[in-house]
Amino acid sequence: MSALAKFNGLSVIASLLYPPVCSICAATIAHGEYLCAECDAKVTRIVPPFCTKCSEPFEGAIISEFTCANCEHRVLHFDAAVAAYRSRGIVRRVILDFKYGRQLHLRHLVARWLFAALDDDRLRRRRFDIIVPVPLHPARERERGFNQATLLADLLSARMSVQNKPVLERIRYTTTQTAFDRAERMENLHGAFRLRKNMDVRELRVLLIDDVLTTGSTLSECARVLKKTGANFVHAATAARA
Ligand SMILES: [Zn+2]
Ligand SMILES: [Zn+2]
């Protein structure tokens, strides 16, 4: 039995014994919920105006097309990267608990935030041929026990009826990106991903999935590889944006 199947079985048993509580404040909540109304109200939605390319929000009114500071002076290879929530406060905490705290049940809440990104104008009317999760290096996936992007892509695949196809692999174990500036991140990632053997993305419209967009460098590098190997479009959706 897989770790996830075992986990699902245990969580069914646990939910019969204990009433569900808010993932943040432990207040009692209804079945099928993850946050109480009070905590849910503190979740920060990204509202316009924001950068059309990378979803970086702006203060004040911007009427014309513009390039944000995050996108300036660099090429981002995805067509657009969309997130509906900011990775702050409760959103950040839930994603960290899901990813590093092994609280796998939280994937359903994180996936709800990801689904909200699909409602965005830049994605809503598009059709996709495949969903592709951003891969982890095999050593890191073994260490964590799962790839959070794959779990989210599975849920999204079921909802959109689009095949989840992990066509990319990560071939370099890069050091953690957080200490790097933007230019260093791009450099650090070059050559980190490649198309897996016998995979073909020619002429496909790809929806790339990850949990969080920080600078967009990872998604851009994945998109570069997908486009170089023939993908027509690569859009990206994440549950949150730094
Ligand atoms: Zn709460
Ligand atoms: Zn931007």
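Reading the values: rules and limits
Residues numbered from 1 in each chain as written. Chains lettered and ligands numbered in written order. Predicted model: local features only at pLDDT ≥ 70, side-chain atom pairs only at ≥ 80, totals over all residues. Heavy atoms only, no water. Helix = DSSP H or I, 4+ residues; strand = E, 2+ residues; numbered from the N terminus. Core = buried A, V, L, I, M, F, W, Y, C linked by side-chain atoms within 4.5 Å. Buried < 20%, exposed > 50% of the residue type's maximum accessible area, 1.4 Å probe, protein only. Donors = N, O, S within 2.8 Å, 3.2 Å for Na, K, Ca; no water. Tetrahedral: all angles 85-135°; square planar, octahedral: opposite > 155°, others 65-115°.

Here we look at the environment of A69
- Here A69 is to be found in the loop between α2 (37-40) and β1 (80-83).
- Note: C-alpha distance between A69 and C51 (18 residues apart in sequence) is 9.4 Å.

Focus: the nonpolar core
- Residues L35, F98, V110, W113, L156, L207 and I209 are the most contacted members of the largest nonpolar core, which totals 41 residues.
- Mapped by element, the contributors of at least two residues to this core are α3 (89-99), α4 (107-118), α7 (148-160), β6 (205-213) and β7 (233-241).
- Counting residues per element, this core draws most heavily on α4, which supplies nine residues.
- If you look at the next biggest cluster of nonpolar residues, it comprises 29 residues, including L76, L189, F193 and V225.

So, the coordination of the zinc ion (ligand 1)
- Those protein atoms acting as donors to the zinc ion (ligand 1) are C22 (SG), C25 (SG), C36 (SG) and C39 (SG), and they sit at 2.3 to 2.4 Å.
- For the zinc ion (ligand 1), the four donor atoms are set out with angles of 103 to 119° between them, so the coordination reads as tetrahedral.
- Counting gaps between the donor residues of the zinc ion (ligand 1) yields the pattern C-x2-C-x10-C-x2-C. Taken as a pair, C25 in the loop between α1 (3-17) and α2 and C36 in the loop between α1 and α2 lie far apart in primary sequence, eleven residues in all.
- For C25, a relative accessible area of 41% gives the class partly exposed.

These values are about where atoms sit, not about what they do.
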